[in-house]
Structure formats: C-alpha cells, structure tokens
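# Structural description and commentary
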Amino acid sequence: MFHNRRPPRPLSLLAAVLVLLLLGAGVAYGVGDALGLSWAPATVPQEHPSAAPVRQAVPAPAVATVVVPDELRLAKAGAAVADAIAARGLPRPAVAAQAGTGPAVRTRIEAAPDAAPESYAVASAGADVTVTAADQAGLAAGLYAVADRIRSGNAPVPPGEDGKLITPRLGLRLTDAGSVGREPDAAAFAAGTDYSLNTDIVGQALLPRAPWVDAAAVERIGTQFRQYVDHAAAQGYNGVVLPGFLEYVTFAGVGDGRAVYPAGDPHVDRAKALVAAFGPVFRYADDMGLRVFLLTDMLAVSPPLERYLRATTGGLDTADPRLWAVYQAGLSELFQSLPFVDGLMVRIGEGGEVYAQNGWDFSSKIAVTTDESVRAMLRALLATAGQAGKDVIFRTWTVGVGAVGDLHTNPESYRQVLGGLDDPHLIVSTKYTLGDFYSHLPLNTTLAEGTQRRIVEFQARREFEAFGSLPNDLGPLHQQALREFLAANPRVEGVWNWTQDGGPLRAGPMSLYLRTGFWQLYDLNTYTTARLAWNPDADPAQLTADWAYRTFSADPATVAAIGQAMALSREAVSKGLYLGPYADNSVKALGLEPPPMMWIFEWDIPTGDSAALDSIYAVSAGRVDEAVAEGEQATGLARRMRDLVAATDPAAWRDPELRKRFTQTLDYQVNLFETLGAYRTAVLRHTQWLDTGDQAAYDAWRQAETTYRAARELHNGRYRGNVDLPAFNFTAADLGAVRADRDPAMAWVARILLVLIALVVLWGWRGGRAARALWLGATRPWRLADLPTPDSRLDRVLVWAIPALVLVASRAALTWFAAPAHLLVTLGGWLLFALVVRLIVGRRDPFHAWAVIGGVALLRSVLLLAALATRGPGRYWFNFWTDPTLRFAYITVAFAAFGWLFVATALVLRTRYGLLRRRAVGTSLAAAGTALAALSGLVAAMGLERALTIWNDQMALLPWGLSRILGITVYLGIPAELPVAAMIAGLVLLGAGAVISVGPSRVPARP
C-alpha cells in the first residue's frame, strides 16, 4: 500500500511558473537578438547611362611603317598599331626600327623633366604620326593609345590634343590573371556543381611526383599568359596579380634551412621546380612593362609549416612576431628567386578548403582576425618588402569573422586597424562597393579613409549578375565611383580590375576571357575601366561606342544600336535580378549584412527559403506591386535590347558568329527574366497572402505559380546543359513552392487537430477518464494523484494514443509533411523522455505518467497549432522571421510550456508514485539529459554541417545553396563542436539526475 505526498504549496508553483516564463523570455530575447532583422534606406548610386550619337568613323591613317626601337614591349605596341590599321581594311604597315618610304608612325624619346611615368604626346603632320615620351613606358602607352583610337574608328590624335602631354590619372592599373591556366571543360561546366574558389593558374601543370611539373602544360599556360599580358598592356593596364606564394617557397632561410621542411620533404623540390618552370613565364609580364604581384591568403599553410609554427609559437598566434618571422623568411626568399616580382598582395578575410587546389596540401585559414594580428602581419611583411624595394598590397575584404570582420565596410574599423600604420610600401586595396560586387549598394565609404596609398577594386565579369552572360555596361557606374573617391581621397592611386575572377571557377557560362565563349560581352567593362583609370572624365557612352566599333562592326547604325542596347542593360539587370524595394536598403539579419540580391542566393540559385523571402517582403514594406512591376519592366527592357540588336544588318557585322551569340544572349535574357519575373510574383504574392490573408493576393499567387512552373519548364528545356547560356538552378525555388502549396492544407490540419483537442477536453468534463487525466496532467499535475486508475482498457490506451497522434500530426503539419529529419529530432526527444520515465515507474501502472507527459504534450501542441491554424507553417515562419513582438511572446510561452514538462513530471512522480522530491527531480533531469545526449550524439556522429543540411533541405528555412557553397556553420558562425558540447551537457544532466536519485527512492503511498 502507498500514500500520496502532500501537494505542493501554491506559492511554490507560482514561483516555478514565473521562473519558467522568465527563462522563456530570456531565450526569446536571445533568439531575437540573434535574428536582429533591421534595415534602413541605403545611399545607392543613381546611374544615368546614355548612348552615344551616331557617328561616322574617321579614316584610318594610310601609313607604310610603324617605326619603333628594337625592344620587346615597343615592338608589341608597334604591332598593335599595325594590326589596328589592318583591321580598318588598309594594308598592314611594316613594324621596323627605321622608316621606309611613305607616311609613318614614329616614336621618339625626349627629355621631359615634368612628365610623370607613362606620359606621352601624339602629334600629327599630314599622314605622319609621331609619339614622343620620356621613356619606353610612355612610348608604349602612346602607341597603344594610337592603336586603340584607330581600331575604334577615331582619329589617331584626339581633337585639341595634338602634341599635348597625356598623363594617366591613376598610376597603378592592375588586372587579375584572366582565364590563364583554366580549361574549357564542358562536362564540368554543364554539371554546374563545382563551387571551388581556387584560382591557382598553375594547377594544370602539377604532377604528383618528380619532375613535379608537366612541361607541355607549362608551355600551354605560358602561351595563354603571353596572350593575356599582350591584351592587358594594349588596353592600358600596367600590372598583373597572380595567385601564389607558398608553392614557390622552401623556407630555406628558417633555422638551418630544414626547420620547416625536413631533408627529403617533397615540398622543397616541388617549389624549386615551380620556380624554374614558371619564373620565365611570369617574367614575360615584367618584360612587357607590367608590374607583377603575387596574391595569397593569410594564413597560408602546409602541414609541415603549420606543425612548425605551432611548435615554435605554441599555436597559431597571429599577433606573435615569431610566427611572422617565418613568413618574412619565405617572402625574402620569394623576392630572391623571382626578382621581377614587385610585391605581395594579402587577403585575410576568406579561407578554407573551398580555396584549396586539388592535388596538393596547401591550404588557408581565417586566423588574422584581430587589430593586433593585422598590424603585426603588416609590420613584418612591410619590413621585408621595404628592404627589397617591394610593395605589400593589403586587401580590406573581410566577411564578418573576428574583430576585423567589418574592416571592409566600417570607416571606424578601418581607422582602428590601420590608423597610423604609414609605410611607403603599403597599398590598401578595397572594393568600390559597400559590400561585394552587387548592384544596389552604396559606394564604399572606407575609400575616403586613411593615410595609406589606396587602390579600388572592380569586377568586369560580374559574378552575381549571371557571370557576365548578360549585357551589363558598368562604365557610368565605375566612372561615378572613381570620381567620388578621387575627390574624397587624394591617396587613391590605382585600380584593380577582375576580368575573370570572382565566384566559383566553373559556375555560370563556360566563358574564359580571350579564349572561350562570349567573353567580348564583359570585355567592355575591362576596356572602359582601363580607359577611365587613365581619364576619369572620359565619356562612358563614347567608350561603349568605341568598344562596339572595335569588337563588332564598323557600320554606324549597328554601333549605335548596340550602344542603345547597352545603355538599357544596367536598368534591365538591376530590375531583373534584384527586388528594388528590398535591395535599396541596408539590411542586417542573423548578425550579418545580407546582400541586396538575396532572393537569388549566390550566383544562380533562386531561393525558396522562408528566412530570405519573408525578410525581403518585410523590408520591402508593402511595396509588392512595385517589386512585381519591376520584373515586368526588366523583361520589357530585355525585349527592347533584343529587338535593337536583332534589327541590325547581319552583313554589317565583322563576324556573323558574334552577332549570333549576341542575339542568342538577349533571347536568353528575355527568357530568364520572364521566368524570374513569374517566380518573384509568386513568392511575393504568397508572402503577401501569409501576411494579410487577402483573397486577391491568394489568387495572384496561384496564377503566378502556374505561370512560373510553365516558364521554368521552358527555361530548363532550352538551356539545361547549355555551357554558354546555362539554365538557372530552380531546385531551391521548387522546394519552397511545394511547401507554399501545402500551407492552406496544413492550416486545415491544425484547425481539425484543435477541434479534436477541444472535444477531448469536453469529453474530460463529461467524465472521460483518459481525457480528464490529460487535462489534469497539463494544468494541475499535483491533482492527478487523486485520480483513480481507470479499469477501461480504452482509457488506458487513449491516455497516450491521443497525445501521440496530436504530437505527430502537429509536428508533421509544421513541417508540411516533408521533413522527417525534424520529426526524428522532436518526436525522438519526447519518446526518449517518456521511455526513461516509464523505466523509473517500473512495474507500477504507467497511466498517470502517460497522463502528465501526454497532457503537457497536448498543451504544447495547442500553442503550435494555434500558430498554424491561420495560414499554415508559412505564416508561422513569417511571424518568426519578421514580427519581434509575436516571436517574443510565442517563444516565451512555448519555452515555459516545454519546461513545464519537467516540473509536472517531477510532481506526478512525487505525488502519485511516491518518489522523494530529490528522486523525482533527479528522474526528470535524467530523462531530459538522456534525450539531449542521445540526439546530440546522433548529430555529432553525422557531422553538424551534414545534419543541418539535411534538416534545412527538408524545412527550407535557410537558403538551400548555403551548405553547398559556404556552409551553414561557417556562414552563421555556428561552432562545429556544438553537438559534442550539447551531448556532454546531456550526459551531465543524466549524471546529475542519477546522483540526486541516489538513496531511498520512495515512501509508502496509498494505492
């Protein structure tokens, strides 16, 4: 025989409830702080592109000879003039050291004390043209300028500039390595799943063993490099940035020369082989007058180097001068083995396996994350570079990691990190946008800061805007940026233009600059950026016309039509790929600054996740009609562009294939914008319905969704597998659409379950034993002990079957019946908790244990179902992401109800089953710890990233591409050790529960 314990005092229960609510409020506050959705209007540059008027080409000079000294870069520049004349239909002049008979283009070096580097003057006398300069750099620049004007249909000497000294406004004009070392692998590009960000250009030449380098591959890469350097020099660039550093270094200057790489380590022989093979290749740029910089991430490590650093400094302490002394030795060695290298460019803001080259063990780590470590790194590298007369270019690009995570966009952080760090060999390189290379972003205010030399980064092949596969004339925008930076900061002295780099190498079209695909389309931006770096006041519309003339046609009407189409291109891209009412805001969420595109997550994946789409709707502040209209306008602009180009005379194009590519590209743009327009309408109208319940929004959503599915099928049918014009990846969009379709049905499931629960409560009031027990278990568990155990088998089954049914059905409704991973975790937690309690009850009747667990489960489910009953899980998550007040209230109450499970269970174990208070509390703790440890252990065994990817693929809450491109844990800063920590916490709870439970277990209680 057993007897019940005395029921708890009311004040004790009230205190417990208040504690649970306070804990819930704390959790709600923490979640709200982590989400932190906020926004403010951004100062977005206003672009006003225009087309140049129709103009007749000026006849090319009929010269017989281009007279240049017998020097490589001048011979190349002279050949560029001869080729330009030949391209205009005249006989190609000879390039020689002496003039023959007839008119000529001559070069002459003259002393000009006041002339800046690369300054030149061009004068004409009849058919003769003379280029004068103080040195070979100026002669080469003048010859290339003459060649450019001739090829563009202009006079060799601009009106009013006959004999005038021309000096570049920006003295450092860098370019990337283009497509050098990359191969047009159609299968890899067609798959569209390679998101590697490695940019090494020597990878194709690597061998796994001696001789380490494939000579044939080196020759192939060398040919590509020489072609690229010639093109860059002709366009007006005077420097090239090449990926590499660690692969060319043996660290022979560290210790006895074998401290980092022991005797016989293959890293040494491989580095020497790479220097011997590629040193002559890269020296060609120096021979052509281009400065050469190598680019590396920091920390760059190999396994032996990392072991040495850890052993020497006790870890990877990047503020420790001893660590940087090792890199100083490596840099000094680099300048000795490759003496033509002018400096090192360093990035600290990205790193990891996605940047590693297949086949070797070099990698990078995001480890320089504090003010002290940045300054320690720069001081060390600058000391070594200064001794060698070289420069260090430090990139401010960071992605939110560490104390310097906002260095790229925060002037205060810039001043704090780099303030007072003045060195003549330090150059600071910064993207022109206040963020990544998106449209709808302010100009980067940090470029007005600092006392250091500054250069501005531009991207010609815009990775986030279809990788240059769409017409996208950036000339007016780049001009506006340069003018503002030059006016604000006299220390801006250069640009760095990316012709190919940015984003994964094999995503998007298989366009390799100068070699494969329709690369001419984004060559426009490379061309205009160089011209604007020489003269920021040049007319961008005229530069576009020059590009059209030299690239496509000498016909004035055709050039004008292309110019008109390109003048529409920016508006088409900024409306077709962005949602203006959202994009024109500076947004913060999840502790990050989401990009202005966001609905297309990273390159070509229209997203279907609720976090992005609901936030976009909230930030847009009810401007749905405007956002929808922009999609329609973008399609209309693309059609106008297509009609302009399609109406040109095919015979007027130099190369019919280029006209075909251009019109096919514009057909692709029309189709893409039609598909994206239908999708944007569908998701915006769906979210509008979630928000308002408006029937018109519902009808518009359903209609747009039908249109989207048809458009997507057409898009995939035309472009899937097309390596030149690849189909966008609508997998994530479709996942979201399927779940959106189920929202109305899930709302009905929730309503039916709420009615069922109401009937159960009513039945309990009318005497149903199982229902009565569930009601007491949820609301007054201390009274449950007085309820006799029913004799009816039906009651004994219903007391657990009803809560189990509601628990499973409600969570299935929350997940649209599409996320078994979520059900495994949530239902598994309930099940494990219940099993532990059942084991503690032992041979005694479990009816009252099932009643308290089931009752609390019903109570918790009522809260969830009430949130689902309006417009399904879509509305639930909409409120979660966008409504701080509702989110706070819901999480507070829901967490308190969850915590009530442990309090109520302990009460029933004490009052009904006679367990001592400490044993009852210990049992609840042990049950909770068991569930937490088991589920966390499962996640730990799978790996947190994989587990989150599976869960997110099924729930569609975060961008689908996140795990595939950046990694959910990396992007959101979730520690990889979290499951292990949670498992340990669960085991601690389990152990604590067991310890508390030691001793007598119960006192006699009545039956």
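Here's what I pulled together on the structure shown here. (Residues numbered from 1 in each chain as written. Predicted model: local features only at pLDDT ≥ 70, side-chain atom pairs only at ≥ 80, totals over all residues. Heavy atoms only, no water.)

## Describing the overall build of the chain
- For the chain, the helix and strand inventory stands at 31 helices and 18 strands.
- Counting only C-alpha atoms, the chain reaches 125 × 70 × 50 Å along its principal axes.
- Each of the 1007 residues in the chain was classed as buried or not, and the buried ones make up 58%.
- The long-range share in the chain, meaning contacts at least 24 apart out of those at least 6 apart in sequence, stands at 79%.
- When the accessible surface of the chain is split by element, carbon and sulfur atoms take 59% of a total near 38,300 Å².
- One way to put it: in the chain the 90 positive side-chain charges average out to a point 13 Å from where the 91 negative ones average out. (Helix = DSSP H or I, 4+ residues; strand = E, 2+ residues; numbered from the N terminus. Buried < 20%, exposed > 50% of the residue type's maximum accessible area, 1.4 Å probe, protein only. Contact = heavy atoms within 4.5 Å. Areas by Shrake-Rupley, 256 points an atom, 1.4 Å probe, with all protein chains shown as cover. Lys, Arg positive; Asp, Glu negative; His and termini not counted. Charge placed at Lys NZ, Arg CZ, Asp CG, Glu CD.)

## Digging into the pattern of salt bridges
- Applying the stated criterion to the full structure yields 43 salt bridges.
- Across the pair Asp230 and Lys76 runs a salt bridge, and its minimum N-O distance is 3.0 Å. Of this pair, Asp230 sits in helix H5 (residues 215-235) while Lys76 sits in helix H2 (residues 72-87), placing them 154 residues apart in sequence.
- Note that Glu657 and Arg661 form a salt bridge whose closest N and O atoms lie 3.8 Å from each other. Of this pair, Glu657 and Arg661 both sit in helix H18 (residues 656-692), 4 residues apart, which is roughly one turn of the helix.
- Through salt bridges with shared partners, one network takes in Glu47, Arg462, Glu465 and Arg570. (Salt bridge = Lys/Arg side-chain N within 4 Å of Asp/Glu carboxyl O.)

## What to know about the environment of Arg491
- Structurally, Arg491 is set in the loop between helix H11 (475-488) and strand S17 (492-498).
- Accessibility expressed as a relative area gives 36% for Arg491, which makes it partly exposed.
- For the pair Arg491 and Arg454, spaced 37 residues apart in sequence, the C-alpha separation works out to 5.9 Å.
- Beyond its immediate stretch of four places on either side in the chain, Arg491 contacts Gly450, Thr451, Gln452, Arg453 and Arg454.

## Considering the pairing of strand S10 (residues 291-297)
- Counting buried positions over the 7 residues of S10 gives 6, a clear majority of the element.
- In the sheet, strand S9 (residues 239-243) pairs with S10 via 5 bridges, with the strands oriented parallel. Residue pairing for S10: Val241 is matched across the bridge by Phe293.
- Handedness of the crossover is the feature at issue here: the chain leaves S9, passes through helix H6 (residues 266-287), returns alongside S10, and the resulting connection is right-handed.
- For S10 and strand S12 (residues 341-347), the ladder comprises 6 bridges, and the chain directions are parallel. Within S12, the residue paired with Leu294 across the bridge is Leu344. (Pairing = 2+ DSSP bridges. Right-handed = clockwise from strand over helix to strand, strands pointing away.)

## Regarding the side chain of Ser469
- With respect to the secondary-structure elements, Ser469 resides in the loop between strand S16 (453-459) and H11.
- Residue Ser469 is classed as buried on the basis of its relative accessible area of 7%.
- At 2.7 Å, the side chain of Ser469 and the backbone oxygen of Ala466 are in polar contact.
- In this structure, Ser469 is in contact with Pro509, Leu521, Thr665, Tyr668 and Leu725, ignoring residues within four places of it in sequence. (Polar contact = N/O pair within 3.5 Å; in protein donor to acceptor, adjacent residues only side chain to side chain.)

## Concerning unusual backbone geometry
- In the segment running from Ala210 into Pro211, the intervening peptide bond is cis, with an omega of 10 degrees.
- Its place among the elements puts Pro211 in the loop between helix H4 (186-191) and H5.
- Even without being a glycine, Trp603 presents a positive backbone phi close to 85 degrees.
- Note on placement: Trp603 falls in the loop between strand S18 (585-588) and helix H16 (610-620).
- We note that Ala621 has phi near 55 degrees; this positive angle belongs to a residue other than glycine.

## Focus on helix H8 (residues 321-337)
- Spanning 17 residues, H8 covers 24 Å between terminal C-alpha atoms, matching the ideal 24 Å at 1.5 Å per step.
- Burial in H8 covers these residues: Leu323, Trp324, Val326, Tyr327, Ala329, Gly330, Leu331, Glu333, Leu334 and Phe335.
- Against S10, strand S11 (300-301), helix H7 (303-313), S12 and helix H9 (371-388) lie the buried residues of H8. (Expected span 1.5 Å × (residues − 1).)

## Focus on a nonpolar patch on the surface
- On the surface, Leu11, Leu14, Val17, Leu18, Leu21 and Val893 cluster together into a nonpolar patch covering about 510 Å² of accessible area.
- With 5 residues, helix H1 (residues 10-35) is the single largest residue contributor to the nonpolar patch.
- With respect to the secondary-structure elements, Val17 resides in helix H1.
- Assessed through its relative accessible area of 34%, Val17 is described here as partly exposed. (Patch = residues over 30% accessible without salt bridge, like charges linked within 9 Å, V, L, I, M, F, W, Y side chains within 5 Å.)

## Section: the side chain of Ser963
- Tracing the backbone shows Ser963 in helix H29 (residues 961-965).
- A relative accessible area of 18% means that Ser963 is categorised as buried.
- Here the side chain of Ser963 touches Thr949 through a polar contact of 3.3 Å, side chain to side chain.
- When near neighbours in sequence (up to four residues on either side) are disregarded, Ser963 contacts Glu945, Thr949 and Ile968.

## Here's the deal with the sheet that holds strand S4 (residues 104-109)
- One open sheet accounts for 6 strands, arranged S3-S2-S4-S6-S5-S7; its pairing is mixed. Across the chains shown, the open sheet's two edge strands, defined by having one partner strand only, are strand S3 (94-96) and strand S7 (165-166).
- Bridge count for strand S2 (residues 65-67) against S3 is 3 bridges, and the pairing is parallel. Within the sheet, the bridge partner assigned to Val67 lies in S3 and is Ala96.
- H2 rests against S2, S3 and S4 of the sheet, and its axis sits at about 160 degrees to S3.
- This element, helix H3 (residues 136-151), spans S4, strand S5 (120-125) and strand S6 (128-133) of the sheet and lies at about 145 degrees to S6. (Axes fitted to C-alpha atoms, helices over the stretch in contact; angles between N-to-C directions.)

## Describing the nonpolar core
- Formed by 146 residues in total, the largest nonpolar core has its most connected members in Leu577, Trp599, Phe662, Phe673, Leu676 and Trp877.
- Among the elements that line this core, the one with the most residues is H18, at 12 residues.
- Discounting chain neighbours no more than four positions away, the residues touching Trp877 are Ser610, Asp614, Leu814, Trp816, Met955 and Leu957.
- Core analysis: the next-biggest nonpolar cluster, separate from the first, contains 117 residues, Tyr120, Val218, Ala285 and Val428 among them. (Core = buried A, V, L, I, M, F, W, Y, C linked by side-chain atoms within 4.5 Å.)

## Quick word on the packing of H11 against helix H12 (residues 520-534)
- Running from N to C, H11 and H12 cross one another at 30 degrees; their axes reach a closest spacing of 10 Å. With respect to each other, H11 and H12 are oriented roughly parallel. As H11 runs across H12, the sense of the crossing is right-handed. On H12, the residues touching Gly475, His478, Gln479 and Leu482 of H11 are Asn525, Thr528, Thr529, Leu532 and Ala533.
- Class assignment for the residues of the contact of H11 with H12 results in 3 nonpolar, 6 polar and no charged. (Parallel < 35°, antiparallel > 145°, perpendicular 65-115°, else oblique. Left-handed = near helix turned anticlockwise from the far one by under 90°. Nonpolar A, V, L, I, M, F, W, Y, C, P; charged D, E, K, R; others polar.)

## What to know about H16
- The element H16 is extensively covered by neighbouring structure, given that 11 of its 11 residues are classed as buried.
- Within the span of H16, buried status applies to Ser610, Ala611, Ala612, Leu613, Asp614, Ser615, Ile616, Tyr617, Ala618, Val619 and Ser620.
- Summarising the contacts, the buried residues of H16 are in contact with strand S1 (38-41), helix H15 (580-583), S18, helix H17 (624-646), H18 and helix H25 (872-882).
- Two or three places before Ala611, at the start of H16, stands the capping residue Asp609, its side-chain oxygen 3.5 Å from that residue's backbone nitrogen.
- Ala621 sits one or two positions beyond H16 and adopts a positive phi of about 55 degrees.

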